[in-house]
Amino acid sequence: MTCLPARTDRKLGLVIDLDTCVGCHACVTACKGWNDQGYGAPLSDQEPYGAQPSGTFLNRVHSYAVQPDEMPAQIINFPRSCLHCEDAPCVTVCPTGASYKRAEDGIVLVNEDACIGCGLCAWACPYGARELDQAAGVMKKCTLCVDRIYNEALPEEDREPACVRTCPTGARHFGDFADPESHVSRLTAEREGFALMPGMGTKPVNRYLPPRKKDRPAEASPLAPLLDIRAGGLAGWLDRVLGKI
Amino acid sequence: MHPAPSVILFTVLSGAGFGFLALLGIFGATGTAAFFLWGLGYGLAVAGLVSSAFHLGNPRRALLAFTQWRTSWLSREAWAAVITLGLFAPQALADWLGFDWGRGFGIAGAVMSGVTVFASAMIYAQIRAVPRWHHWTVPLVFLGYWATGGLVLGGVAPLALPALCVLGGVLALHWHFGRRAFARAAETMESATGLGGIGAVSVFEQPHTGGNYLLREMIHVVGRKHAERVRMIAMVCSVMLPVIALAWLGGVTGVVLAALTHLLGALAQRWLFFAEAEHVVGLYYGQRGGGAASG
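None of the values given here were measured: they were computed from a predicted structure.

Quick notes on the rules
Residues numbered from 1 in each chain as written. Chains lettered and ligands numbered in written order. Predicted model: local features only at pLDDT ≥ 70, side-chain atom pairs only at ≥ 80, totals over all residues. Helix = DSSP H or I, 4+ residues; strand = E, 2+ residues; numbered from the N terminus. Rg over C-alpha atoms; globule rule 2.2 N^0.38 Å. Buried ≥ 20, exposed ≤ 12 C-beta atoms within 10 Å, placed from the backbone. Pairing = 2+ DSSP bridges. Axes fitted to C-alpha atoms, helices over the stretch in contact; angles between N-to-C directions. Contact = placed C-beta atoms within 7 Å. Nonpolar A, V, L, I, M, F, W, Y, C, P; charged D, E, K, R; others polar. pLDDT = per-residue confidence, 0-100. Parallel < 35°, antiparallel > 145°, perpendicular 65-115°, else oblique. Left-handed = near helix turned anticlockwise from the far one by under 90°.

## So, the overall build of chain A
Of the regular secondary structure elements, chain A holds 7 helices and 11 strands. Here the C-alpha atoms of chain A give a radius of gyration of 24 Å, more than 25% beyond the 18 Å that 2.2 N^0.38 yields for 245 residues. Viewed in the frame of its principal axes, chain A has a C-alpha envelope of about 85 × 50 × 40 Å. Evaluated residue by residue, chain A yields a buried proportion of 46% over its 245 residues.

## A short note on the sheet that holds strand β11 (residues 207-209) of chain A
All names here are of chain A. With mixed pairing, 3 strands are arranged side by side in an open sheet as β10-β1-β11. The sheet is open, and its two edges are formed by β10 (172-176) and β11, each paired on a single side. Neighbour-to-neighbour, the strand axes of the sheet open up by a mean angle of 25°, direction not taken into account. The pairing of strand β1 (residues 12-17) with β11 spans 3 bridges and is classified as parallel. Looking at the pairing, V15 lines up with R207 of β11. Against the sheet, helix α6 (residues 183-191) contacts β1, β10 and β11, and its axis sits at roughly 115° relative to β10.

## Focus: the sheet that holds strand β5 (residues 74-81) of chain A
Reading across from one edge, β5(A)-β4(A)-β1(B) is the order of the 3 strands in this open sheet, with antiparallel pairing throughout. Looking along the sheet, the strands with just one partner apiece sit at the ends: β5 of chain A together with β1 (200-205) of chain B. Strand-to-strand twist in this sheet, taken as the mean axis angle between neighbours without regard to direction, amounts to 40°. Alignment of strand β4 (residues 59-67) of chain A against β5(A), held across 8 bridges, turns out to be antiparallel. Within β5(A), the position partnered with R60(A) by the bridge is R80(A). Its contacts with the sheet put helix α1 (residues 26-34) of chain A on β4 and β5 of chain A, and the angle it makes with β4(A) is roughly 165°.

## Thoughts on the interface of chain B and chain A
Each side of the interface is counted separately: chain B has 50 residues, and chain A has 55 residues. Contributions of two or more residues to the side of chain B that touches chain A are made by α3 (73-97), α8 (189-193), β1 and α9 (213-218) of chain B. Here the side of chain B that touches chain A gets 6 residues from one element, more than from any other, and that element is β1(B). Of the residues that constitute the side of chain B that touches chain A, the class distribution is 26 nonpolar, 18 polar and 6 charged. One ladder, built from 5 bridges, connects β4(A) with β1(B); its direction is antiparallel. Its bridge partner lying in β1(B), A65(A) is registered against S202(B).

## As for the confidence of the model for chain B
All names here are of chain B. In this model, chain B carries a mean pLDDT of 91, and residues with pLDDT of at least 70 account for 97%. Taken together, the stretch residues 290-295 has pLDDT below 50 and engages in 14 contacts with residues farther than four places along the chain or on a different chain. Across the assembled chains, the prediction reports ipTM 0.91 with pTM 0.90.

## A short note on the packing of helix α5 (residues 137-154) of chain B against helix α11 (residues 251-275) of chain B
Residue and element names in this part refer to chain B. Close contact between α5 and α11 brings their axes to 9 Å; oriented N to C, the two are set at 160°. On the basis of their axis angle, the class for α5 and α11 is roughly antiparallel. The way α5 lies across α11 gives a crossing that is left-handed. In contact with Y145, G149, V152 and L153 of α5, α11 contributes A258, A259, H262 and A266. Considered class by class, the residues forming the contact of α5 with α11 number 6 nonpolar, 2 polar and no charged.

## Brief notes about the packing of helix α1 (residues 5-27) of chain B against α11(B)
Residue and element names in this part refer to chain B. Where α1 contacts α11, the two axes come as close as 9 Å, and the packing angle between them is 135°. Between α1 and α11, the interaxial angle falls into the category oblique. The element α1 and its partner α11 pack so that their crossing is right-handed. Residue-level contacts link I8, T11, V12 and A16 of α1 to L263, A266, L267, R270, W271 and F274 of α11. Considered class by class, the residues forming the contact of α1 with α11 number 8 nonpolar, 1 polar and 1 charged.

Have a look at this one:
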């Protein structure tokens, strides 16, 4: 059903630490790998070795240059995936009931057997979280690895989303935002985690942790002293003479 | 947004078709003429609905689209379209075969055809992520083409001429608000990434070197640079030329010319409606507001 649940018992989601992410794209690869081999239609590629390679991914890592007023620019790597919104516009627009939000844990999923591939949900999502698979003609999106997190066939440490499990810097965290004592809730509170485009009224569950403040800006460039060059000897004499002409 | 030909044809043809059917429903026709006129209306509306199936990834499951009318405008549109076509059927039969059944079915069908077109428009107008579409002028434009299209196709000059003038005004209003729509939504690269507190955000490197579904479907930029010209074509063809053809030319030639130019203009308007609409996801790719500023 495309009516959103009034409330969900749990709010499963991700915290993404923009301070720690190094932009290695391991989460992208792990996501593609896991979602190629079990849940729903595999994430297809078109012309993977051809002139115009393209494919379906549920997670994309952007890199931004952010320019503060009086400091050098910062490069911030920015993984973007489904935020499992509480007011998910992608769910309510779906004409077939293929898109739904689970009342028990808040995960937004697509029932691919009912998806007609109209693409309206992808239009409704402000975050570009959904991609229509060109081979299967059905909408694909992050499942929060619903086939891992409850999977008792997996060792306990693997029962988290593939992107979180694989992240080499620990920049991704998985947990229940409805529980104020959970790891993700505490991280969000301590580090002032924020939601993306709150103005769109979607109430995202996922939170992003801002990069920490640079605490030693004066020492940001170890080369700075070398820039103030004073020539001596012959070069110094030339510098003085040429400066007077 | 990607201007998919199937969706452009769908909205233009079904809009004009439903408008023409509404006109027939209210005023009626008789004898053999009724057969062909109702046939034209049904042909246009059904051709539009069929072409909409071509942009589906899995059209064989299309019947499922009737299930979610509680929340989905697309589902509501599907229901409204079927109910409308069903309501008109007995009226068309009565007109053709000369049964004296009154105009109840026709008038009910006319009302429902308006509801159908309104539902079509709401599919777009409900989407907050496309600020240019998320506006009350969008249903007005769709309903404007519905009413005007019907009157122009029917050649009812005394009603079509004022309707065309109103449509011109509605288009101007729609474009006027559209110009500032993206800015009004107040979403920027800074709000999209949440990094505005640190400083100005720009793309350092894109997340992928090839294209993807998002870029093809929602970050279509080709059309925006010709926006002014297409706007002109839409206004001249769908409003001004039909006015000239109906007011000065008159007769069958006038009606045919007015109808053809009007539909051509409607196609131009609908192409632009998609091509110049910007989706906020473009912000993540640094494709910000180029078209919004100029268009």
